[in-house]
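Tertiary structure, described
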Protein chains: 2
Amino acid sequence: MKLYNFSLAPNGMRVSAFLKEKGLKLDVHELDVRAGDQFKEPFQSMNPFNCVPFLELDNGSIISESVSICRYLEELHPEPQLFGDTPEKRAKIDMWNRRLELDALSPMGHAIRNKLPMFEGKVLAGTRNNIEQSPVVIERAFQMLNIFMGRVDPHLASNDFISGSEFSVADITGYFLFAGCDRLGFEISTEFANVLSWKARIIDRNCFKL
Amino acid sequence: MKLYNFSLAPNGMRVSAFLKEKGLKLDVHELDVRAGDQFKEPFQSMNPFNCVPFLELDNGSIISESVSICRYLEELHPEPQLFGDTPEKRAKIDMWNRRLELDALSPMGHAIRNKLPMFEGKVLAGTRNNIEQSPVVIERAFQMLNIFMGRVDPHLASNDFISGSEFSVADITGYFLFAGCDRLGFEISTEFANVLSWKARIIDRNCFKL
């Protein structure tokens, strides 16, 4: 099994944090995605979505998508469990991970690519084209992030972690949401004190240290 | 266990199609989301993300997010399996479902809400506010949909269904991608003949009949 990754890619770092939290080490092949390695063979055929990370199994099969990779590794190495150890816990962690991704992390990621000069010509992940950066995408992400924070803040008043009392893969998603907000220049309002407490609880966790 | 749903909501229909494919029947409570039932108690507290569908377990616990609901039901009723019956198949189905959602279904859903007059004042799912509809969001979705179709078309040359030889939950996502494209006025180019063949293979499946 071999992981193809780029150390500076946020989705790559999500899988690295997951591996560290699980105490797992994989054989890693570093791709230089800034130089366009992911568009060259054999990588183009391995992952035609031209993104990292992706995992090559011993039978040659490829699994891309950071959460799908983590889910697969959890099945092979159940402890410590990060996706939940009962059907109900697994459903709740999955629900929170999806809410985080669809309502916050994904719009935030699009906003970063529409804002930072380094993403000109690369506005959509895994592409090189002339799609232009748009301030509308950034503004919409700010609106969605504020709505999201308002919805999770009351929930976090009585939960140490996003899916309850235990740290999970959804908190790893949360960490990268906070990191992305910093990069985007989106400041979390002090009105969302429970969100800020959650951030403080997870930010120094060992799995996030390089 | 009770499902709170709105029969005309695409994410509600995804769960209904899943139930039909599994041969399951649930006690369903219909919410009129056009009249704003989801903002009233007890529904507001049950799902502060103000979306349908959501599932109430017998212990009072709530699971929202269509895919998380389906994943939970698959654990209770494994056959016929729609999320895969081995770790590798589960990872691949999850990967395809994510690619479909993040690169196609989600931008398509945002575009519909930014285009159709019925979504004025409801541009973001589960909200009522004055965020304006934007043509930029629609244009970006069209770009993403074309890129997505170009990436999946070669894969579908040798796969009957999106994750291989078996129908899965990711094909249910695919069906609602096609339905949404029709609603949005996004026509799939005949250049993507394998995508159109996939559409033809799934569109008449019994689980999608009302």
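Residues numbered from 1 in each chain as written. Chains lettered and ligands numbered in written order. Predicted model: local features only at pLDDT ≥ 70, side-chain atom pairs only at ≥ 80, totals over all residues.

All names here are of chain A. Alignment of strand β1 (residues 2-5) against strand β2 (residues 27-30), held across 4 bridges, turns out to be parallel. Note that in β2 the partner of L3 across the bridge is V28. Direction of pairing for β1 relative to strand β3 (residues 54-56): antiparallel, over a ladder of 3 bridges. Residue K2 lies in a different strand from β3, and its bridge partner there is E56. (Pairing = 2+ DSSP bridges. Helix = DSSP H or I, 4+ residues; strand = E, 2+ residues; numbered from the N terminus.)

What follows covers the domain arrangement of chain A. All names here are of chain A. When cut into domains, chain A gives domain 1 (2-76) and domain 2 (87-208). Put simply, the middle of domain 1 and the middle of domain 2, counted by C-alpha atoms, are 21 Å apart. Broken down by element, the residue count for the side of domain 1 that touches domain 2 peaks at 7 residues, all from helix α1 (residues 10-22). Of the residues that constitute the side of domain 1 that touches domain 2, the class distribution is 8 nonpolar, 2 polar and 3 charged. (Domains from an automatic or database assignment. Nonpolar A, V, L, I, M, F, W, Y, C, P; charged D, E, K, R; others polar.)

A few words now on the interface of chain B and chain A. With 34 residues of chain B at the contact, the number on the chain A side is 34 residues. Within the residue set of the side of chain B that touches chain A, elements represented by two or more residues are β4 (62-64), α3 (66-76), α4 (87-115) and α5 (135-156) of chain B. Per element, the largest residue contribution to the side of chain B that touches chain A is 10 residues, and it comes from α4 of chain B. When the residues that make up the side of chain B that touches chain A are grouped by side-chain class, the tally is 17 nonpolar, 7 polar and 10 charged. (Contact = placed C-beta atoms within 7 Å.)

Turning our attention to the relation of the copies chain B and chain A. Of the two same-sequence chains, chain B is brought onto chain A (RMSD 0.0 Å, axial shift 0.0 Å) by a rotation of 180°. Within this description, the copies of the chain are treated as partners about a two-fold rotation axis. Both copies contact each other with a shared surface, as 100% of the interface residues of chain B are interface residues in chain A too. (Least-squares fit on C-alpha atoms with pLDDT ≥ 70 in both.)

This part is about the packing of helix α1 (residues 10-22) of chain B against α3 of chain B. All names here are of chain B. For the pair α1 and α3, interaxial distance at closest approach is 9 Å and the crossing angle is 20°. In terms of orientation, α1 and α3 fall into the roughly parallel class. For the element pair α1 and α3, the recorded crossing hand is right-handed. From α1, N11, R14, V15, F18 and K22 reach across to α3, where they touch S66, I69, C70 and L73. (Axes fitted to C-alpha atoms, helices over the stretch in contact; angles between N-to-C directions. Parallel < 35°, antiparallel > 145°, perpendicular 65-115°, else oblique. Left-handed = near helix turned anticlockwise from the far one by under 90°.)

Moving on: the environment of H110 of chain A. Residues and elements named next belong to chain A. Relative to the helices and strands, H110 is located in helix α4 (residues 87-115). By C-beta crowding, H110 is classed as buried, having 21 other C-beta atoms within 10 Å. Sequence-wise, H110 and L100 are 10 residues apart; in three dimensions their C-alpha atoms are separated by 14 Å. Filtering out sequence-adjacent residues up to four positions away, H110 remains in contact with V137 and A141. (Buried ≥ 20, exposed ≤ 12 C-beta atoms within 10 Å, placed from the backbone.)

This part takes up the confidence of the model for chain A. On average, chain A scores 97 in pLDDT, and the residues at 70 or more come to 100%. Across the interface, the model reports ipTM at 0.98; the global pTM reads 0.98. (pLDDT = per-residue confidence, 0-100.)

Turning our attention to the sheet that holds β2 of chain A. Residue and element names in this part refer to chain A. Across the sheet, which stays open at both edges, the 4 strands sit in the order β2-β1-β3-β4 with mixed pairing between neighbours. The open sheet is flanked by β2 and β4 (62-64), the only strands paired with a single partner. Within this sheet the neighbouring strands show an average axis-to-axis angle of 25°, counted without direction. Of the strand pairs in this sheet, β3 and β4 are connected by 3 bridges, and their pairing is antiparallel. Paired with L55 across the strands is I63, a residue of β4.

What follows is about the sheet that holds β4 of chain B. All names here are of chain B. A sheet is described by the order of its strands in space; here 4 strands give the open sequence β2-β1-β3-β4, paired in mixed fashion. One side of each edge strand has no neighbouring strand; the edge strands of this open sheet are β2 (27-30) and β4. On average, adjacent strands in this sheet sit at an angle of 25° to one another, irrespective of strand direction.

With glycine set apart, most residues show a phi of negative sign, and most peptide bonds adopt trans. Residues and elements named next belong to chain A. For the bond running from V52 to P53, omega is 0°, close enough to zero to count as cis. Examined against the element boundaries, P53 turns out to sit in the loop between α2 (43-46) and β3. Here N50, not a glycine, exhibits a phi torsion of approximately 55°, which is positive. As for its position among the elements, N50 is in the loop between α2 and β3. Its 21 C-beta neighbours within 10 Å are what place N50 among the buried residues.

On to the packing of helix α6 (residues 169-184) of chain B against helix α7 (residues 193-203) of chain B. All names here are of chain B. At their nearest, the axes of α6 and α7 sit 10 Å apart, and the two run at 105° to each other. Between α6 and α7, the angle is such that the two are roughly perpendicular. Residue-level inspection shows D171, G174, Y175 and F178 of α6 in contact with α7, the latter providing W198, K199, I202 and I203. Partitioning the contact of α6 with α7 into residue classes produces 5 nonpolar, 1 polar and 2 charged.

What follows is about the environment of R140 of chain B. As for its placement among the helices and strands, R140 of chain B is situated in helix α5. According to the C-beta neighbour criterion, R140 of chain B is buried, with 24 such atoms within 10 Å. In the structure, R140 of chain B is positioned 132 residues away from L8 of chain B in sequence and 26 Å away in space, judged by C-alpha atoms. Apart from the residues within four sequence positions on either side, R140 of chain B is in contact with V137 of chain A together with P107 of chain B.

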